[in-house]
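Observations on chain architecture
Here is what each chain is made of, one letter per residue.
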Amino acid sequence: MSLLEGKTALVFGVANDHSLAWGIARAFHAHGARLAFSYASQALERRVRPLAESVGASFVELCDVAHDDQIEALFAKAKGELGSIDVLVHAIAFANREELQGTFYNTSREGFRLAMDISVYSFIALARAALPLMPQGGSMMTLTYYGSEKVMPNYNVMGVAKAALEASTRYLAADFGPRGIRVNAISAGPVRTLSAAGVSGFKRMYREFANIVPLRRNITLDDIGGTALWLASDLSAAVTGEVVFVDSGYNILGAPAPTES
Ligand code: NAP
């Protein structure tokens, strides 16, 4: 069964083949979607273009989401080349490395501004720009983390940014619902990606995760891709404004199960 036959998805946030956005793109491709990609910097093009071509995508465009003019230019090009889109994927986050270690109270004003701009405002800006390309409705999604709700060591300003991203998801869902556009967030468990490597202590947290969670395993790009596919397809036709956990059940725990001694 091809769940996305005849649909077009525009995907932001592929840096390499470990990116969550790539897991999502792979799942969409397997279900017949036409794919289009945007990447953050010239340096990434050499990694992103071959990946895009491997799933038959010809629309592969640069867009640094810190710049409104680049967002405007990208969507103007998308309108010309793709016509309309059905799915928007936002898998983008950024904070300076020094903000992702030590104490939260030392977050700098500029570090706070930057994390909120790239990791939160960009979703609002992309969603607004995508609106005219989605006259028949569709599905938008972003990627979040449980550090939005609970304190995670070193996640700091990114936890605050994810809380704002989840709230933004709900406000966008309310705005766009009458137009038949659903907006949801996937809250992923830890996956080894470039961004994750920037969070101090991530490796250790990743290693211990499988011993703690109910499903006793780490999550994979296919796990993320499967849930994104469900959110993109008509199978989730009445689901909007939600944060869907793909974390082997980590978020239901009050305390980790005692380990065998
Ligand atoms: P990733 O492969 O490093 O992807 C992050 C992407 O954001 C990169 O393509 C990055 O490009 C892009 N980006 C950063 N600044 C940008 C800008 N100004 N304009 C456009 N794009 C920009 O890491 P990932 O883990 O897949 O992250 C994707 C999303 O999943 C993020 O929102 C992250 O917080 C979320 N998430 C990840 C995990 C995890 O454990 N990995 C768990 C939960 C949620 P550059 O490489 O050029 O900066």
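Residues numbered from 1 in each chain as written. Predicted model: local features only at pLDDT ≥ 70, side-chain atom pairs only at ≥ 80, totals over all residues. Heavy atoms only, no water.

What follows concerns the pairing of strand β4 (residues 87-90). The alternating pattern of β4 places Val87 and Val89 and Leu88 and His90 on opposite faces, both of which are buried. In this structure, strand β1 (residues 8-12) lies alongside β4, joined through four bridges in parallel fashion. When the bridges of β4 are listed, Val11 appears paired with Val89. Two elements, β4 and strand β5 (residues 138-144), share four bridges in a ladder whose sense is parallel. Residue pairing for β5: His90 is matched across the bridge by Thr142. (Buried < 20%, exposed > 50% of the residue type's maximum accessible area, 1.4 Å probe, protein only. Helix = DSSP H or I, 4+ residues; strand = E, 2+ residues; numbered from the N terminus. Pairing = 2+ DSSP bridges.)

The topology assignment puts Asp86 in the loop between α3 (68-82) and β4. Although Asp86 is buried, it forms no salt bridge, and the closest oppositely charged side chain is Lys7 at an N-O distance of 5.1 Å. From its side chain, Asp86 meets the backbone nitrogen of Thr8 in a polar contact 2.7 Å long. Once residues within four sequence positions are removed from consideration, Asp86 is found in contact with Gly6, Lys7, Thr8, Met134, Gly137, Gly138 and Ser139. (Lys, Arg positive; Asp, Glu negative; His and termini not counted. Salt bridge = Lys/Arg side-chain N within 4 Å of Asp/Glu carboxyl O. Polar contact = N/O pair within 3.5 Å; in protein donor to acceptor, adjacent residues only side chain to side chain. Contact = heavy atoms within 4.5 Å.)

What follows covers helix α8 (residues 221-232). Compared with an ideal rise of 1.5 Å per residue, which puts 12 residues at 16 Å, α8 spans 16 Å between its outermost C-alpha atoms and is within 8% of the ideal. All of the buried residues along α8 are Leu221, Ile224, Gly225, Thr227, Ala228, Leu229, Leu231 and Ala232. On its buried side, α8 packs onto α1 (20-30), β4, β5, β6 (181-188) and β7 (243-246). Taking the backbone nitrogen of Asp222 as reference, a side-chain oxygen 3.3 Å away marks Thr220 as the first, capping residue of α8. (Expected span 1.5 Å × (residues − 1).)

All right, on to the sheet that holds β6 then. Reading across from one edge, β3-β2-β1-β4-β5-β6-β7 is the order of the seven strands in this open sheet, with parallel pairing throughout. Here the strands that pair on one side only, and so sit at the sheet edges, are β3 (60-62) and β7. Averaged over all adjacent pairs, the angle separating strand axes in this sheet is 20°, with direction ignored. As paired elements, β5 and β6 share seven bridges and run parallel to each other. Opposite Ser139, over in β6, you have Arg182 as the bridge partner. (Axes fitted to C-alpha atoms, helices over the stretch in contact; angles between N-to-C directions.)

What follows deals with the environment of Phe37. Within the secondary structure layout, Phe37 lies in strand β2 (residues 34-39). When the C-alpha atoms of Phe37 and Phe12 are compared, they prove to be 6.1 Å apart, with 25 residues separating the residues in sequence. With residues up to four places along the chain from it excluded, the contact list for Phe37 reads Leu10, Val11, Val14, Trp22, Ala25, Ala52, Val55, Ala57, Phe59, Val60 and Glu61.

Bringing the site of the ligand into the picture now. Taken together, 29 residues sit near the ligand, with Ser19, Asp64, Val191, Thr193 and Ser195 positioned nearest. Taking Gly13, its main chain carries an N or O atom lying 3.2 Å from an oxygen atom of the ligand. Contacts to the ligand include Val65, whose backbone N or O atom sits 3.0 Å from a nitrogen atom. When the free accessible area of the ligand is taken as 870 Å², the share hidden by the protein chains comes to 88%. Per element, the largest residue contribution to the shell around the ligand is three residues, and it comes from helix α6 (residues 194-197). Of the residues in the shell around the ligand, the class split is 20 nonpolar, seven polar and two charged. (Near = heavy atom within 4 Å. Areas by Shrake-Rupley, 256 points an atom, 1.4 Å probe, with all protein chains shown as cover. Nonpolar A, V, L, I, M, F, W, Y, C, P; charged D, E, K, R; others polar.)

What follows covers a nonpolar patch on the surface. On the surface, a cluster of nonpolar side chains totalling about 230 Å² of accessible area is made up of Phe104, Phe112 and Val160. Following the sequence through the fold, Val160 ends up in helix α5 (residues 156-176). Take Val160: its relative accessible area is 31%, and that puts it in the partly exposed class. (Patch = residues over 30% accessible without salt bridge, like charges linked within 9 Å, V, L, I, M, F, W, Y side chains within 5 Å.)

Purely geometric numbers; function is a separate question.
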